[in-house]
Amino acid sequence: QQHSDLLWVVQEAFNAPLPLSWTEYTDDEGRVYFFNQSSSQSTWEHPMDSVYRELLIVIQRARDVGVSASEDSCAALVQNHL
């Protein structure tokens, strides 16, 4: 498990609240989708998914240059990224 220390990021992403003006719906087939009431945009992907994918890239780049992989160091990266 090469990246098991990053499971906390996945948990954060899974539990991320929806941004303002986004709501969650379920279609007739039971699939979850998200709708932005301001822009009338809908998506199958949670609106914050891209932020967490970017965060994983930021953490990986930080590791590549030698930043500690500790949860505290990563938490600081999270806060700076968001």
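Residues numbered from 1 in each chain as written. Predicted model: local features only at pLDDT ≥ 70, side-chain atom pairs only at ≥ 80, totals over all residues. Heavy atoms only, no water.

Draft legend 1. Focus on the sheet that holds strand E2 (residues 32-36). With antiparallel pairing, the three strands of this open sheet are ordered in space as E1-E2-E3. Only two strands of the sheet have a single neighbouring strand rather than two, namely strand E1 (22-26) and strand E3 (41-43). Averaged over all pairs of adjacent strands, the angle between strand axes in this sheet comes to 25 degrees, irrespective of strand direction. Looking at chain direction, E2 and E3 are connected through three bridges and run antiparallel. Directly across from Phe35, in E3, lies its bridge partner Ser42. (Pairing = 2+ DSSP bridges. Helix = DSSP H or I, 4+ residues; strand = E, 2+ residues; numbered from the N terminus. Axes fitted to C-alpha atoms, helices over the stretch in contact; angles between N-to-C directions.)

Draft legend 2. Up close: the packing of helix H1 (residues 7-14) against helix H2 (residues 49-64). Viewed as axis vectors pointing N to C, H1 and H2 meet at an angle of 160 degrees, and their least axial separation amounts to 10 Å. In this view, H1 runs roughly antiparallel relative to H2, as classed from their interaxial angle. Read as a crossing pair, H1 and H2 show a hand that is right-handed. Residues Trp8, Val9, Glu12 and Ala13 of H1 lie in contact with H2, whose contacting residues are Tyr52, Leu55, Leu56 and Ile59. For the contact of H1 with H2, the residue count by class is seven nonpolar, no polar and one charged. (Parallel < 35°, antiparallel > 145°, perpendicular 65-115°, else oblique. Left-handed = near helix turned anticlockwise from the far one by under 90°. Contact = heavy atoms within 4.5 Å. Nonpolar A, V, L, I, M, F, W, Y, C, P; charged D, E, K, R; others polar.)

Draft legend 3. Spotlight on the side chain of His46. Its location among the elements puts His46 in the loop between E3 and H2. A distance of 3.1 Å separates the side chain of His46 from the backbone oxygen of Ala16, its partner in a polar contact. Residues in contact with His46, not counting those within four places in the same chain, are Ala16, Pro17, Leu18 and Phe34. (Polar contact = N/O pair within 3.5 Å; in protein donor to acceptor, adjacent residues only side chain to side chain.)

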